[in-house]
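Coordinates in review
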2 protein chains.
Amino acid sequence: MSDSARGRRGRSGGGAARRAERTAGDFGTAPTIQRKIPNLDLLDDETLSIIEANAETVLEEIGVNFVNNPGALARWKEAGADVQGERVHIPRGLARKLCATAPSSFIQHARNPEKNVEIGGKGLVLAPVYGPPFVRDVDGGRRYATMEDFRKFVKLGHMSKWLQHSGGTVCEPTDIPVNKRHFDMLLAHMTLTDKPFMGSVTEPSRAQDCVDMCGILFGEDFVQQNTVMTSLININSPLTFDDVMMGALEVYAANNQACIISPFIVGGAMAPVSVVGTLTQVLAEVLAGIAYSQLVRPGAPVIFGAFVTSIDMNSGAPTFGTPEASQILYGAGQLARRMNLPFRSGGSLCGSKLPDAQAAYETANTLNAALMGGVNFMLHACGWLEGGLVSSFEKFVMDADQLGALHKMAAGVANDENAQAMDALREVGPGGHFLGCSHTQANYKSAFWRSELLDYKPFETWDEEGARDTQALASDRVAKLLERYQAPAMDPAKAEALAAYVAQRKASMEDAFM
Amino acid sequence: MSDSARGRRGRSGGGAARRAERTAGDFGTAPTIQRKIPNLDLLDDETLSIIEANAETVLEEIGVNFVNNPGALARWKEAGADVQGERVHIPRGLARKLCATAPSSFIQHARNPEKNVEIGGKGLVLAPVYGPPFVRDVDGGRRYATMEDFRKFVKLGHMSKWLQHSGGTVCEPTDIPVNKRHFDMLLAHMTLTDKPFMGSVTEPSRAQDCVDMCGILFGEDFVQQNTVMTSLININSPLTFDDVMMGALEVYAANNQACIISPFIVGGAMAPVSVVGTLTQVLAEVLAGIAYSQLVRPGAPVIFGAFVTSIDMNSGAPTFGTPEASQILYGAGQLARRMNLPFRSGGSLCGSKLPDAQAAYETANTLNAALMGGVNFMLHACGWLEGGLVSSFEKFVMDADQLGALHKMAAGVANDENAQAMDALREVGPGGHFLGCSHTQANYKSAFWRSELLDYKPFETWDEEGARDTQALASDRVAKLLERYQAPAMDPAKAEALAAYVAQRKASMEDAFM
């Protein structure tokens with residue numbers, strides 16, 4: 001958390017009583033990652049300039065469609081675009097100029113102000129998997145997700161030291177009618193954790209419900225003056241902005257709530273098969289989307305998103321953790337930094353059906369690229385399986401454990417006298433052993449990142465204990481975490497008000513299933 | 001391969017007959033990776049300068065031990081070092097000055113000159129796992145390695161498109177007496193593959209045997225004028241150079257054969273617990289070792305090696321794929337580049353007992369760091385398991401498959417007109433689909449890296465086929481590869497001469513078991 005975020009916390013008050021309230025159900029959260037290491041600038045300046053010039057050509061010559069959205073077309077016309085039917089041709093430079101009012105970073109508030117996050121700059125905020133209709137665990141196999149599964153994932157996220165963010169649709173609670181799900185999901189994020197969260201985007205009215213619930217949790221005035229949700233606005237690539245997503249964006253932007261403006265691209269299907277071609281489309285779409293957010297409300301907080309997979313040209317399946325996906329991530333990060341905007345990409349992306357070696361190779365490739373590529377907000381940071389069709393309980397804790405390594409990697413390398421360890425080198429000398437020397441004794445506790453999950457035991461011990469693989473160790477950890485879970489303390493009046501609001505709103509509606 | 005390597009191939013002659021001879025048993029090998037992407041310079045210049053200054057202090061004040069090696073002590077004294085007993089104090093700057101005669105890159109010749117490799121510069125040569133006494137596969141579990149296992153690994157390496165190098169001790173053939181193993185191992189590398197390989201380092205006389213066998217394979221004059229082996233000289237960290245390893249180094253350097261001069265460090269045990277302290281020791285050891293190689297023969301080809309793991313301070317077990325290990329890899333690469341020397345580090349390093357998710361997370365973390373950290377020679381690039389105790393058949397093909405992704409990643413991003421794909425963006429337009437467009441048709445075959453192992457099938461197909469995990473898919477691939485294996489063509493007279501030499505030498509010795 002930056003100093004300004006801490007300052008904000010100080011001002012939001014609460015004091016001793018609030019601190020006492022928080023002691024139960026607080027499992028500790030590491031601060032937002034602040035990179036003390038350089039980003040890897042994979043693409044050269046010439047290539048980035050080509051992409052930027054071509055993206056302007058795309059916006060001007062080809063244009064973008066804003067579908068079923070007369071209000072949006074009117075805004076674009078007013079701003080100087082050439083609107084023909086639903087097609088918006090944006091003159092060179094206009095979109096980029098409109099994007100200039102978007103903040104380079106912003107603070108998203110949590111109900112526990114110690115868990116506020118700043119999104120942008122050198123920071124990296126980690127949020128869990130988003131969207132899968134299925135869940136999987138080793139005992140139950142693959143099955144449709146329920147609200148009970150949803151709550152378990154929120155609890156696991158709350159207990160993860162390395163996640164700063166509770167995310168949004170950690171899985172789709174398919175046992176709840178579509179038009180009522182968002183109430184239960186938001187209520188779970190508001191009550192089962194005190195970390196920041198995301199709002200619903202499946203209908204503009206549901207986005208408004210989320211704003212209203214935040215009014216109860218944070219106070220209506222606070223919500224109008226501060227960002228308390230970051231929500232995911234996918235673009236219908238190529239170059240199409242549908243009314244549902246844009247409607248949600250309009251609600252959130254008007255209320256000063258943050259949106260990730262994110263092309264969702266299976267490369268080769270929804271974008272050209274080349275890296276530079278795909279990045280051109282990504283940039284054009286993000287420019288148009290963020291410009292539109294600023295037309296709704298100049299200064300509304302947004303994130304430059306890029307969710308791009310490659311494709312297996314044999315089967316048509318999206319593929320993850322591949323070199324092309326990493327190259328696009330690196331390039332998109334560079335483009336976002338040249339716009340001085342927060343950047344979202346990466347995650348525990350994989351195509352595997354099981355939390356096996358394939359899942360881990362693909363995930364680690366993506367996590368490494370995300371850290372080195374300058375991602376500021378990482379959705380899907382843990383728990384993603386099977387191309388996003390499945391939220392995996394075991395993989396959630398496996399990935400969350402790896403996120404600890406990202407924290408340590410990002411912290412960089414100290415070079416002070418203690419880090420130089422010349423005393424240790426002198427004390428031990430040729431042929432000696434460092435385990436007992438005083439420098440080691442003074443530093444060993446924090447010297448090395450240590451997994452809380454992976455197996456470091458001697459072969460014989462491991463063998464006697466059942467020769468378990470990572471999935472089995474993770475299954476055990478999931479059960480133990482859920483047993484230990486305690487809800488973070490909450491003002492009972494707020495909890496009651498939220499429950500009453502949800503009950504009343506749900507009672508006023510017929511069930512709908514799409 | 002560089003132009004000069006190609007030139008060398010041209011000069012070594014052979015022509016049409018040789019090409020025809022090679023058609024059988026050639027499964028295709030991708031050229032050495034040439035990075036068209038930048039390295040990640042993780043440490044800042046200030047930190048690197050501190051490390052360099054401190055390493056000189058270590059060499060001068062603390063010194064290094066050359067054990068049981070009066071010849072080495074005499075060479076050091078002659079060069080201007082302060083020798084006290086077995087301790088060699090090297091005045092500031094002397095080691096670095098001696099290192100200046102080492103070449104910045106060199107060509108290692110293979111018996112098939114198309115498979116020569118250049119080691120150094122922007123290149124990355126990949127070689128398999130080295131050293132494990134055990135092997136594992138899904139059917140047989142973990143067991144002591146045999147010569148038959150060794151041959152299987154050499155065959156798998158020969159068939160891997162992504163490995164340019166056959167390596168050395170792909171596993172320890174424990175069924176062969178220690179003093180005779182090197183004959184069988186080298187014979188396997190010489191006959192079962194036509195890729196370059198490594199020599200024995202377990203005794204100076206065995207290193208000489210390897211030079212002699214290369215004389216038969218390549219011709220004695222050719223060996224004296226060219227490098228045909230790259231061998232692994234580990235330093236006994238901290239700061240100790242034993243007579244066995246130095247004896248092997250002396251033989252190889254005197255014969256113009258390449259050595260990797262490599263500290264072998266479990267961080268916290270054989271070096272200080274800090275990154276900068278460990279890098280200081282690594283640099284001091286490499287400076288002393290490479291300087292010594294140049295005392296033996298100025299201009300002898302060498303590689304700056306760094307094999308450094310972190311340690312689990314709870315169990316004392318070495319740990320792999322951790323942030324500290326990556327930080328050290330990045331820093332060592334920077335130090336090597338500042339010396340203008342080829343750099344060896346990385347590999348499929350992991351601590352897991354099984355080729356499971358842990359193995360893959362740890363391996364992918366290391367492979368990514370090795371690519372971005374500028375490694376020129378990657379030993380252990382595939383097949384390593386259980387902290388190097390085990391060569392895994394399944395993991396060998398799993399990792400080898402991932403190496404293909406490194407090749408594609410390193411190739412960088414094209415920005416020419418075809419890569420810009422503006423025609424595709426214009427043809428498809430908003431809301432369209434790129435799968436059928438002409439740009440996709442023209443480019444899809446080479447657009448995306450495709451795994452030859454991982455599962456990209458629809459869930460239902462995968463489920464019907466047995467819901468196999470990566471290990472099961474890999475087991476299948478190992479069996480299929482070994483079934484398809486064919487030895488590369490070889491001059492029968494050379495094969496007979498090598499077999500006769502080995503038989504005669506083995507018959508002249510008693511078996512020894514240490």
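Keep in mind that what you see is a predicted model, and the values were worked out from it rather than measured.

What follows covers the overall build of chain A. What chain A contains, in helices and strands, is 20 helices and 19 strands. The C-alpha radius of gyration of chain A comes to 23 Å, within 12% of the 24 Å expected for a compact globule of 514 residues. Seen along its three principal axes, the alpha-carbon backbone of chain A occupies a region of about 75 × 55 × 50 Å. Taking all 514 residues of chain A together, the buried fraction comes to 58%. By sequence separation, contacts in chain A at least 24 residues apart represent 77% of the contacts at least 6 residues apart.

Now for the environment of A:Ala306. Residue and element names in this part refer to chain A. Within the secondary structure, Ala306 sits in the loop between β13 (302–305) and β14 (307–311). Placed 200 residues apart in sequence, Ala306 and Phe106 show a C-alpha to C-alpha distance of 19 Å. Ignoring any residue separated from it by four or fewer positions in sequence, one finds Ala306 in contact with Ser262, Pro263, Val282, Ile328, Leu329, Ala332 and Ser345.

Our next topic: the interface of chain B and chain A. By convention, interface size is frequently given as the accessible area that disappears when the constituent parts associate. Each partner contributes to the interface: chain B provides 99 residues, whereas chain A provides 99 residues. Of the residues forming the side of chain B that touches chain A, the biggest block, 9 residues, is contributed by helix α13 (residues 357–372) of chain B. When grouped by side-chain class, the residues that make up the side of chain B that touches chain A number 52 nonpolar, 33 polar and 14 charged.

This next bit is on unusual backbone geometry. Residues and elements named next belong to chain A. Between Ser237 and the following residue, Pro238, the backbone shows a cis peptide bond with an omega angle of 0°. With respect to the helices and strands, the residue Pro238 is situated in the loop between β10 (230–235) and β11 (240–241). Located in the positive-phi region is Glu386, a residue other than glycine, with phi close to 55°. With respect to the secondary-structure elements, Glu386 resides in the loop between β18 (384–385) and β19 (390–392). With 22 C-beta atoms counted inside 10 Å, the residue Glu386 sits in the buried group.

As a further point, take the sheet that holds strand β4 (residues 87–89) of chain B. All names here are of chain B. One open sheet holds the 4 strands; their spatial order is β3-β4-β2-β11, and the pairing between them is mixed. Only two strands of the sheet have a single neighbouring strand rather than two, namely β3 (82–84) and β11 (240–241). Here β3 pairs with β4 via 3 bridges, running antiparallel. Directly across from Val83, in β4, lies its bridge partner Val88.

Turning next to the domain arrangement of chain A. Each assigned domain of chain A is listed with its residue range as follows: domain 1 (30–412 + 449–514) and domain 2 (417–447). Summarising the inter-unit geometry, the C-alpha centres of domain 1 of chain A and domain 2 of chain A are found 43 Å apart.

Moving on, we get to the relation of the copies chain B and chain A. With an RMSD of 0.0 Å, the fit of chain B onto chain A corresponds to turning through 180° and sliding 0.0 Å along the axis. Accordingly, the operation relating the two chain copies is best matched by a two-fold axis. Measuring from the rotation axis to each C-alpha of chain B, the shortest distance belongs to B:Ala357, at 2.1 Å. In this assembly, 100% of the residues forming the interface of chain B have copies in chain A that are likewise at the interface, indicating an isologous arrangement.

Turning our eyes to something else, we now look at the nonpolar core. Counting 325 residues, the largest nonpolar core has A:Ile261, A:Leu287, B:Ile261 and B:Leu287 as its most contacted members. Beyond its immediate sequence surroundings of up to four residues, B:Leu287 is in contact with B:Ala55, B:Leu59, B:Ala95, B:Arg96 and B:Cys99.

Another aspect to go through is the pairing of strand β13 (residues 302–305) of chain B. Residues and elements named next belong to chain B. By the alternation rule, side chains of β13 split into Val302 and Phe304 and Ile303 and Gly305, which are all buried. Note that strand β12 (residues 258–266) and β13 share 3 bridges and pair parallel. Residue pairing for β13: Ile261 is matched across the bridge by Phe304. In this fold, the crossover linking β12 to β13 by way of helix α11 (residues 275–296) has right-handed handedness. Two elements, β13 and strand β16 (residues 343–344), share 2 bridges in a ladder whose sense is parallel. Paired with Phe304 across the bridge in β16 is Phe343.

All right, on to the packing of helix α7 (residues 181–192) of chain B against helix α8 (residues 204–218) of chain B then. Residues and elements named next belong to chain B. The geometry of α7 relative to α8 is characterised by a closest axis approach of 10 Å and an angle of 30° between their N-to-C directions. By the criterion of interaxial angle, the relationship of α7 to α8 is roughly parallel. For the pair α7 and α8, the sense of crossing is right-handed. Across the interface between the two elements, His182, Phe183, Leu186 and Met190 from α7 touch Arg206, Asp209, Cys210, Met213 and Leu217 from α8. When the residues that make up the contact of α7 with α8 are grouped by side-chain class, the tally is 6 nonpolar, 1 polar and 2 charged.

Conventions used here
Residues numbered from 1 in each chain as written. Chains lettered and ligands numbered in written order. Predicted model: local features only at pLDDT ≥ 70, side-chain atom pairs only at ≥ 80, totals over all residues. Helix = DSSP H or I, 4+ residues; strand = E, 2+ residues; numbered from the N terminus. Rg over C-alpha atoms; globule rule 2.2 N^0.38 Å. Buried ≥ 20, exposed ≤ 12 C-beta atoms within 10 Å, placed from the backbone. Contact = placed C-beta atoms within 7 Å. Nonpolar A, V, L, I, M, F, W, Y, C, P; charged D, E, K, R; others polar. Pairing = 2+ DSSP bridges. Domains from an automatic or database assignment. Least-squares fit on C-alpha atoms with pLDDT ≥ 70 in both. Core = buried A, V, L, I, M, F, W, Y, C linked by C-beta atoms within 7 Å. Right-handed = clockwise from strand over helix to strand, strands pointing away. Axes fitted to C-alpha atoms, helices over the stretch in contact; angles between N-to-C directions. Parallel < 35°, antiparallel > 145°, perpendicular 65-115°, else oblique. Left-handed = near helix turned anticlockwise from the far one by under 90°.

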